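Close look at the chain arrangement
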Amino acid sequence: MEDAPPRLSPLERAGRWLGLSALIIGGFFPFIWMVLTSLKTEGELQKFPVQYLPGALNFANYAQVFTEQPFARFFFNSLTVSLLSTVLAIVVAAPAAYALSRLNIRGRGVLLTVVVAFSMFPVVSLLVPLFRLMRGASLLNSYPALILPYAALSLPVAILTLVAFFSSIPRDLEAAAMVDGSTRLGALTRVVLPLSAPGVVTAALLVFVNSWNEFLLALSFNTRLSMRTVSVGVTLYQGEFAFPWPLIAAAVVIATVPIVILIAVFQKRFVAGLTAGGVKA
């Protein structure tokens, strides 16, 4: 029988609960403060001393978000770009990660190092060449202008995440599938990917979040109002001399909802993916 874990003293238990509480409060406080700000009026926000809670539940800011700017269109643009870039990145990353984890490729370590090196390039250093490329291809102010760069920039993270998972799956399972007549591609789609579901979900969520939050490329490539994304659209509510923080906070809360929903729905697989990705090689 395994030894029972050592009992913690009351002081140690209190310390752990205190640390956990501080972590939860520190993690959720910014979002909670943003929600409270979005429910306030300008007068309540400017009160001194600070009024922490709104006097009443005021949802006028949320309605104004959609009437002052075409925020529904911004939301649709971000959702379309993020979903398609995620699908494209996973479709390209899965075979690449499978090849790096399964095939006897000469210089495999060098290739993984190159993948890691590419993930370290700051987006601002790629802005000018990417802009010239998109302009030359007549893709500015279109969905592909963002989908292609987002998928390409997210590939290193997706590949590294999937390599860690694919390496942990026994090769015998694929060998059995190929004995039954399956091809390498069939073994990948029917055996490896289903068994690597937490890793695929983790990689997909990372790509989606990066695409959803990206600002610089979206600001530079899609200048037409109807093609703006949420991250850029939030900045359109500020005036030249005025910053309507309750209105901006409401827009930020709405923009955060898809990420919160995705993390809540795929929480178990996401945590499993992060944990396994951190210990597998």
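Cut-off values and rules
- Starting from 1, residues in each chain are numbered consecutively following that chain's sequence as written.
- Since the coordinates come from a predicted model, pLDDT governs what is reported: local features require at least 70, and pairs of side-chain atoms require 80 or more to be given and counted, while whole-chain, interface and lining totals use all residues.
- Computation of side-chain values covers all heavy atoms of the structure but excludes hydrogens and water.
- UniProt positions are given in the numbering used here, feature names are shortened, and annotations may be inferred rather than shown by experiment.
- Strands here are runs of E lasting at least two residues and helices are runs of H or I lasting at least four, both read from the DSSP assignment and numbered beginning at the N terminus.
- Centre distance within 6.5 Å is the pairing criterion for rings of Phe, Tyr and Trp, where only the six-membered ring of Trp is used; planes under 30 degrees apart are then read as stacked, over 60 as edge-to-face, and the remainder as tilted.
- Throughout this description, buried means an accessible area under 20% of the type-specific maximum (1.4 Å probe, protein chains only), exposed means over 50%, and partly exposed covers the range between.
- Any two residues having at least one pair of non-hydrogen atoms within 4.5 Å are treated as being in contact.
- Two joining distances apply to patches: 9 Å for like charges and 5 Å for nonpolar side chains (Val, Leu, Ile, Met, Phe, Trp, Tyr), and every residue must have over 30% relative accessible area and no salt bridge.
- The protein chains shown are the only cover counted for residues, whose accessible areas, like all others here, come from Shrake-Rupley with a 1.4 Å probe.
- A side-chain nitrogen of Lys or Arg and a carboxyl oxygen of Asp or Glu constitute a salt bridge if their distance falls within 4 Å.
- Definition used in this section: a nonpolar core is a set of buried Ala, Val, Leu, Ile, Met, Phe, Trp, Tyr and Cys residues joined via side-chain atoms within 4.5 Å.

**Focus: the UniProt feature "transmembrane region" (unreviewed entry) in the protein**
- Sequence positions flagged by UniProt for "transmembrane region" (unreviewed entry) are, in local numbering, residues 17-36, 74-98, 110-131, 143-166, 187-209 and 245-266.
- Helix makes up 100% of residues 17-36 and strand 0%, and the two end C-alpha atoms of the span are 26 Å apart.
- When the span residues 74-98 is considered, its composition is 100% helix and 0% strand, and the gap between its end C-alpha atoms is 36 Å.

**Topic: the packing of aromatic side chains**
- Following the criterion strictly, the structure yields 11 aromatic pairs and no others.
- Considering the side-chain rings of Phe75 and Trp212, the 5.3 Å spacing of their centres and the 80 degrees angle between planes classify their relative orientation as edge-to-face. Note that Phe75 is positioned in helix 4 (residues 71-102) and Trp212 in helix 10 (residues 197-213), a separation of 137 residues in sequence.
- A residue is classified by how much of its surface remains accessible, and Phe75, at 24% relative accessible area, is partly exposed.
- Linked through ring pairs, Phe66, Phe71, Phe74 and Tyr237 together constitute an aromatic cluster.

**Structural notes on the environment of Ala97**
- Mapping Ala97 onto the fold places it in helix 4.
- Residues Ala97 and Ile24, 73 residues apart in the sequence, show an inter-C-alpha distance of 35 Å.
- With sequence-adjacent residues up to four places away left out, Ala97 is seen in contact with Ile159, Leu162, Val163 and Phe166.

**Comments concerning a nonpolar patch on the surface**
- Residues Trp17, Leu20, Leu23, Ile24, Phe28 and Ile32 make up a contiguous nonpolar surface patch of about 670 Å² in total accessible area.
- Secondary-structure assignment places Leu20 in helix 1 (residues 10-38).
- Residue classification places Leu20 among the partly exposed positions, given a relative accessible area of 40%.

**Digging into the nonpolar core**
- One finds Ile159, Leu162 and Phe166 to be the most contacted residues of the largest nonpolar core, which totals 23 residues.
- Leu39, Tyr62, Val65 and Ala255 belong to the second largest nonpolar core, which has 18 residues in total.

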